[in-house]
Amino acid sequence: MIPENHLEEDLALIVDSQEDCHSHFQELLDLINNEIDREDEKITFQKHVALTTDEYPLTLFQLKEKKEVSITKRPILLQHGLFNSSNTWIVTGKNYCLAYLLLKAGFDVWLGNNRGNQYSRRKEQKSDNWKFSFHEMGMFDVKCQMDYILNYYDNTEITKLAAYIAHSQGTTQGFVAFSTFPELQEKVEMFIALAPVTYLQNQSSQGLKVLTYFRPDLLLSLLNWGEVTLVSPNSSMKSFLSFLGKGAIGPLDSLMDLFMDCEIPDKVKKYLLKYEPSPTSYLALCHWSQLLISGKFQSYDHGKELNMIKYQQETPIEYDISNIKIPTVLFYGDLDFLGNAKDVETNVIPRMSNVILHSELIPNFKHNDFVWGKRAKELVYDKIIE
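Residues numbered from 1 in each chain as written. Predicted model: local features only at pLDDT ≥ 70, side-chain atom pairs only at ≥ 80, totals over all residues. Heavy atoms only, no water.

**Q** Talk me through the sheet that holds strand β10 (residues 356-362); I want residue IDs and the actual numbers.
**A** Strand order in this open sheet of 8 strands is β1-β2-β4-β3-β5-β6-β9-β10, and the pairing throughout is mixed. For this open sheet the edge positions go to β1 (43-51) and β10, each flanked by a neighbour on one side alone. For this sheet, the mean angle separating the axes of adjacent strands, direction not counted, is 20°. The pairing of strand β2 (residues 57-65) with strand β4 (residues 107-111) spans 2 bridges and is classified as antiparallel. Opposite Q62, over in β4, you have W110 as the bridge partner. Most of the contacts of helix α5 (residues 169-180) go to strand β5 (residues 163-167), to which it runs at about 135°, and overall it touches β3 (74-79), β5, β6 (191-194) and β9 (328-333). Sheet strands touched by helix α16 (residues 376-385): β5, β6, β9 and β10. Its angle to β9, the strand with the most contacts, is close to 175°. (Pairing = 2+ DSSP bridges. Helix = DSSP H or I, 4+ residues; strand = E, 2+ residues; numbered from the N terminus. Axes fitted to C-alpha atoms, helices over the stretch in contact; angles between N-to-C directions. Contact = heavy atoms within 4.5 Å.)

**Q** So, the pattern of salt bridges: which residues are in play, and what are the values?
**A** Applying the stated criterion to the full structure yields 15 salt bridges. Where R115 meets D54, a salt bridge forms, and the shortest distance between an N and an O atom there is 2.8 Å. One end of the pair, R115, is in the loop between β4 and α4 (134-152); the other, D54, is in the loop between β1 and β2, with 61 residues separating them in the sequence. The buried category is assigned to R115, whose relative accessible area is 3%. (Salt bridge = Lys/Arg side-chain N within 4 Å of Asp/Glu carboxyl O. Buried < 20%, exposed > 50% of the residue type's maximum accessible area, 1.4 Å probe, protein only.)

**Q** Account for the environment of Y282, naming residues and giving values.
**A** Along the chain, Y282 turns up in helix α12 (residues 282-294). Considered as a pair, Y282 and F132 are 150 residues apart in the sequence and their alpha carbons are 8.5 Å apart.

**Q** So what's going on with the pairing of β1? Residues and values would help.
**A** Where β1 lies against β2, 9 bridges are found, and the strand directions are antiparallel. Across the sheet, residue V49 finds its bridge partner in β2, namely T59. Following β1, the chain reverses through 5 residues before pairing antiparallel with β2; E55 in that reversal takes a positive phi of roughly 65°.

**Q** Outline the packing of aromatic side chains, listing residues and values.
**A** As enumerated under the stated definition, the model contains 20 aromatic pairs in all. Seen from their ring centres, W110 and Y148 are 6.3 Å apart, and the 70° between their planes marks the pair as edge-to-face. One end of the pair, W110, is in strand β4; the other, Y148, is in helix α4, and 38 residues separate them in sequence. For W110, a relative accessible area of 0% puts it in the buried group. Exposure remark for Y148: the relative accessible area of 2% places this residue in the buried category. (Phe/Tyr/Trp six-rings, centres within 6.5 Å; stacked < 30°, edge-to-face > 60°.)

Put into structure tokens, the structure is as follows:
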């Protein structure tokens, strides 16, 4: 059942259809289907658009099997990370795909898309549309998507999501949402965080360190950048990324190498280059830079005056993840430059020790191994499904 406030005629005034992008999603599903012999076991999808309370359209893709299934499946929401989209969960093909494995295990799989990526865009991309970071994704996008899914199940026995499963910044916005809204915790049975990122006190990303050194918040005020894309940046953005890349890891092309710095199956790399990375806001990068400087897990610092308007206090909001009472599972890697193992073990686990069902350090795992790595199924996905 689609909520009345999400009717297509209303959304048509806001949403950017991005038809080419949606055809890309179908192309990725076709890659999976090409590996499936039986026609009735192949998968398709249904597109949904949910509208946040601050009027940002978010596209969700609901995976479906072509064969008819009469039973009601328990829903799971998969949430991608920074510079990613729902493509993240299906680009690896059948053998390495968590979304496909969950579908075959009997769950109703929904793939979320954060505001600003190629699937969740307003029709007019004005600069004001880009004034968001993971704070807004946590305060608006997570709740919107979860509520939409549960409203879809209205008049059924489904009253909760079976799980919110997220990677990287998707976990960050989950920590923000669940720590801020106690009522939201009542709508999900489990929070599964892959490469969780909150505090950055021990992160070792050279790219983020160099970005922070050049004060991106000052550049934001000077250049008024909105969208950030690693694929086809404008001239000033490309110059900055080139300078950043040289300072961190070498030429600009190496930024893509950094993006794919994990144990990716060879045949997957060409599809990643075609379908990812996805755009985000420049403010989102500024926010991560602020966390590195402050050593805190908090909302974006707009300055005292704007903080009072947005937060009703002069300082940013510090997220208290000890408020989270959802049974939680953490998987993190010992080679993760961003979701550093020490930060997970000193800042996350102690604050949530009473609700953590399982936490596991995966050896020789980098940040994106959790979504694209060839060993992810064996070391992580099989354990999730169990």
